[in-house]
Amino acid sequence: MTKTTTHPLSVVALYFLFSSSLFHSTLAKSATYNVVAFGAKPDGTTDSSNALVSAWKKACGSAKPASILVPRGKFLVGRAVTFSGKCGNKAISITIRGTLVAPSEYNFIGNSLHWFMFDRVSGVSIHGGVLDARGTSLWHCKNSPTNVHCPSGAATLGFINSDNILITGLTSLHSQMFHVTINGCHNVKLHGLKAIAARNSPNTDGIHVQFSNDVTIIKPSIHTGDDCISIGPGTRNLWIEDATCGPGHGISIGSLGWDMNEPGVKNVTVRKTTFIKTQNGFRIKSWGRPSRGFVKDVHFEGATMIDVQNPILIDQSYCPHNICPSHASGVKISDVSYRGIHGTSATSVAVNFDCSSKEPCERITLEDVKLSYKNKASQALCNHADGTALGIVQPHSCL
Ligand SMILES: *[C@@H]1O[C@H](CO)[C@@H](O)[C@H](O)[C@H]1NC(C)=O
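- Under an unreviewed UniProt entry, the name given to the protein is Polygalacturonase, and the organism recorded is Cajanus cajan.
- Database annotation for the protein, UniProt heading Sequence similarities (unreviewed entry): "Belongs to the glycosyl hydrolase 28 family."

### Re the overall build of the protein
No. 1: Scanning the protein from N- to C-terminus turns up four helices and 33 strands.
No. 2: In terms of C-alpha radius of gyration, the protein reaches 24 Å, essentially the compact-globule figure of 21 Å for 399 residues.
No. 3: If you line up the protein on its principal axes, its C-alpha atoms span 80 × 65 × 40 Å.
No. 4: Per-residue burial for the protein yields a buried fraction of 50% across its 399 residues.
No. 5: A sequence separation of at least 24 residues applies to 76% of the contacts in the protein between residues at least 6 apart.
No. 6: Accessible surface, the protein: about 17,700 Å² in total, of which carbon and sulfur atoms supply 55%.

### Some points on the UniProt feature "active site" (unreviewed entry) in the protein
No. 1: Within the UniProt annotation, "active site" (unreviewed entry) is assigned to His 249.
No. 2: Structurally, His 249 is set in the loop between β22 (244-245) and β23 (251-256).
No. 3: Residues in contact with His 249, not counting those within four places in the same chain, are Gly 225, Asp 226, Asp 227, Cys 228, Gln 279 and Asn 280.

### Structural notes on the side chain of His 179
No. 1: Among the secondary structure elements, His 179 is positioned in the loop between β13 (171-173) and β14 (180-183).
No. 2: Residue His 179 is classed as buried on the basis of its relative accessible area, which comes to 0%.
No. 3: A polar atom in the side chain of His 179 sits 2.7 Å from the side chain of Ser 172.
No. 4: Looking at His 179, its side chain comes within polar contact range of the side chain of Thr 224, at 3.4 Å.
No. 5: Residues contacting His 179, with those up to four places away along its chain left out, are Thr 156, Leu 157, Ser 172, His 174, Ala 195, Ile 196, Ala 197, Thr 204, Asp 205, Gly 206 and Thr 224.

### As for the domain arrangement of the protein
No. 1: Along its sequence, the protein is organised into domain 1 (1-226) and domain 2 (229-399).
No. 2: Inter-centroid distance (C-alpha atoms) of domain 1 to domain 2 is 30 Å.
No. 3: Listed per partner, the contact involves 22 residues of domain 1 and 22 residues of domain 2.
No. 4: Buried area between domain 1 and domain 2, both sides added, is near 1,800 Å², and the carbon and sulfur share of it is 49%.
No. 5: Summed over the three residues of domain 1 that lose the most area to domain 2, namely Val 209, Phe 211 and Ile 217, the buried surface amounts to 23% of that side.
No. 6: For the pair domain 1 and domain 2, the interface holds zero salt bridges.
No. 7: Looking at the side of domain 1 that touches domain 2, its residues break down into eight nonpolar, nine polar and five charged.

### Quick look at the site of the ligand
No. 1: Close to the ligand lie Asn 237, Leu 238, Trp 239 and Asn 267, which account for all nearby residues.
No. 2: A distance of 2.4 Å separates an oxygen atom of the ligand from a polar atom in the side chain of Asn 267.
No. 3: Protein chains shield 40% of the accessible area of the ligand, which is 360 Å² for the free molecule.
No. 4: Here the shell around the ligand takes three residues from strand β21 (residues 236-241), the largest share from any one element.
No. 5: Tallied by class, residues from the shell around the ligand come to two nonpolar, two polar and no charged.

### A short note on unusual backbone geometry
No. 1: Omega for the peptide link from Gly 85 to Lys 86 comes to 0 degrees, which places this bond in the cis form.
No. 2: Tracing the sequence through the fold places Lys 86 in the loop between β5 (81-84) and β6 (92-96).
No. 3: The amide bond that connects Gly 254 to the next residue, Ser 255, takes the cis arrangement and shows omega of 10 degrees.
No. 4: In this structure, Ser 255 sits in strand β23.
No. 5: Here the phi dihedral of Lys 219 falls at roughly 55 degrees; this positive angle occurs in a residue that is not glycine.
No. 6: Examined against the element boundaries, Lys 219 turns out to sit in the loop between β18 (213-218) and β19 (221-223).

### Points about the packing of aromatic side chains
No. 1: Applying the stated criterion to the full structure yields 13 aromatic pairs.
No. 2: Taken together, a centroid distance of 5.2 Å and an interplanar angle of 25 degrees make the contact between Phe 300 and Tyr 338 stacked. Of the two residues, Phe 300 is situated in strand β26 (residues 294-308) and Tyr 338 in strand β28 (residues 332-345); the sequence distance between them amounts to 38 residues.
No. 3: Residue classification places Tyr 338 among the buried residues on the basis of a relative accessible area of 0%.
No. 4: What links up through ring pairs into an aromatic cluster is the set Trp 56, Phe 83, Trp 115, Phe 116, Phe 118 and Phe 159.
No. 5: Across the ring face of Tyr 318, the terminal group of Lys 285 is positioned such that the distance to the ring centre comes to 4.3 Å.

### Some details on the state of the cysteines
No. 1: This model, assessed by the stated rule, comprises five disulfides.
No. 2: Between Cys 141 and Cys 150 runs a disulfide, and the two sulfur atoms are separated by 2.3 Å. Given an S-S torsion of about -100 degrees, the disulfide between Cys 141 and Cys 150 has left-handed geometry.
No. 3: For Cys 141, a relative accessible area of 5% puts it in the buried group.
No. 4: Between the sulfur of Cys 355 and that of Cys 361 lies a disulfide, 1.9 Å long from S to S. Because the sign of the S-S torsion sets the handedness, a value of about -95 degrees for the bond joining Cys 355 and Cys 361 places this disulfide among the left-handed ones.
No. 5: Take Cys 355: its relative accessible area is 5%, and that puts it in the buried class.
No. 6: In this structure Cys 185 is not part of a disulfide, and its nearest cysteine sulfur, from Cys 87, lies 14 Å away.
No. 7: Owing to a relative accessible area of 3%, Cys 185 belongs among the buried residues under this scheme.

Reading guide: rules and limits
Residues numbered from 1 in each chain as written. Predicted model: local features only at pLDDT ≥ 70, side-chain atom pairs only at ≥ 80, totals over all residues. Heavy atoms only, no water. UniProt positions renumbered as here; feature names shortened; annotations may be inferred. Helix = DSSP H or I, 4+ residues; strand = E, 2+ residues; numbered from the N terminus. Rg over C-alpha atoms; globule rule 2.2 N^0.38 Å. Buried < 20%, exposed > 50% of the residue type's maximum accessible area, 1.4 Å probe, protein only. Contact = heavy atoms within 4.5 Å. Areas by Shrake-Rupley, 256 points an atom, 1.4 Å probe, with all protein chains shown as cover. Polar contact = N/O pair within 3.5 Å; in protein donor to acceptor, adjacent residues only side chain to side chain. Domains from an automatic or database assignment. Buried area = accessible area lost by both parts, 1.4 Å probe. Salt bridge = Lys/Arg side-chain N within 4 Å of Asp/Glu carboxyl O. Nonpolar A, V, L, I, M, F, W, Y, C, P; charged D, E, K, R; others polar. Near = heavy atom within 4 Å. Phe/Tyr/Trp six-rings, centres within 6.5 Å; stacked < 30°, edge-to-face > 60°. Lys NZ or Arg CZ within 6 Å of the ring centre and 35° of its normal. Disulfide = S-S within 2.5 Å.

This is how it looks when you write it as structure tokens:
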């Protein structure tokens, strides 16, 4: 011990020397592109779309790490914008201090899949910022029974076929469709997303993940009209922690099983969720159609439910408009656990496992679940569901 006392100190000193010189050399090497230098104006009326694209082209073309800055102010982005890879470097950091706003007339972005789309990028990070898609008039159009001429609407921010993505402190307001989509991606971290849309806004899911692995979502706060987080086919190694949901439809795996050859959903953990007056809590749903899809190794751990209509739900006969040939889902659901789930149900059935007659649910676990309905015991329903109940389970388990 005494012999080596000087060594740790010198190791620490060396470390600081080394890391600070690394830090300075990175700073010196990375270029910052301010969108204002490319013609963007923080006046809320000048279309800054081209300036964003020009700044991206510079950053993406750079052989060194690059930064893009959107300073304070309101920048109109009047059309759908795609940020394409592949880039000359794998470290592009985008800092947004202000707000990017869509035009009030919904058709300018409403016929595109995304307002902002990142396609085949690697090592992109986005810090801060507000994206205001001004979707209100499109929701009205879609909700109006007489108007059939509304576009389907753009998701606000999409990542497709990309990897090593970090998004921190972003706010999405009034998206026309989904707020954020992650499709065909690997290693995505989403920290502190705030998503807000009206409770009656159609298809405004907070975060949608599909065909992606190693996605981590920490502390999202999602108040919207559709799913808080929706999880599509081909999702693996998804981690969600400290989510707050409501209003909206809760956290949903599905709809799955539309296609015959659909990749499954595997290894999903959802920890410490708060649901406030949502339609569902944890839902797994599949179409009543033949499919080779599956859901496996899913863990819902720790949740507070306040006045949730369907706190725990598996729904395998999902078939609006009666368009399913067989009405029995081919999606196999197994190894799903619900642990430490407490609160209140807004309906008498707090737990409903309505599984497929063709592929019954297997190894479902309920442990330490306490859900009441109007200060009384709630009910659990099981259909083709097999599993175990451990510890206190209220409603009385039907497994
Ligand atoms: C499951 O996913 C988590 C990340 O959410 C990961 O850390 C873990 O290694 C995965 N487990 C397996 C068996 O792949």
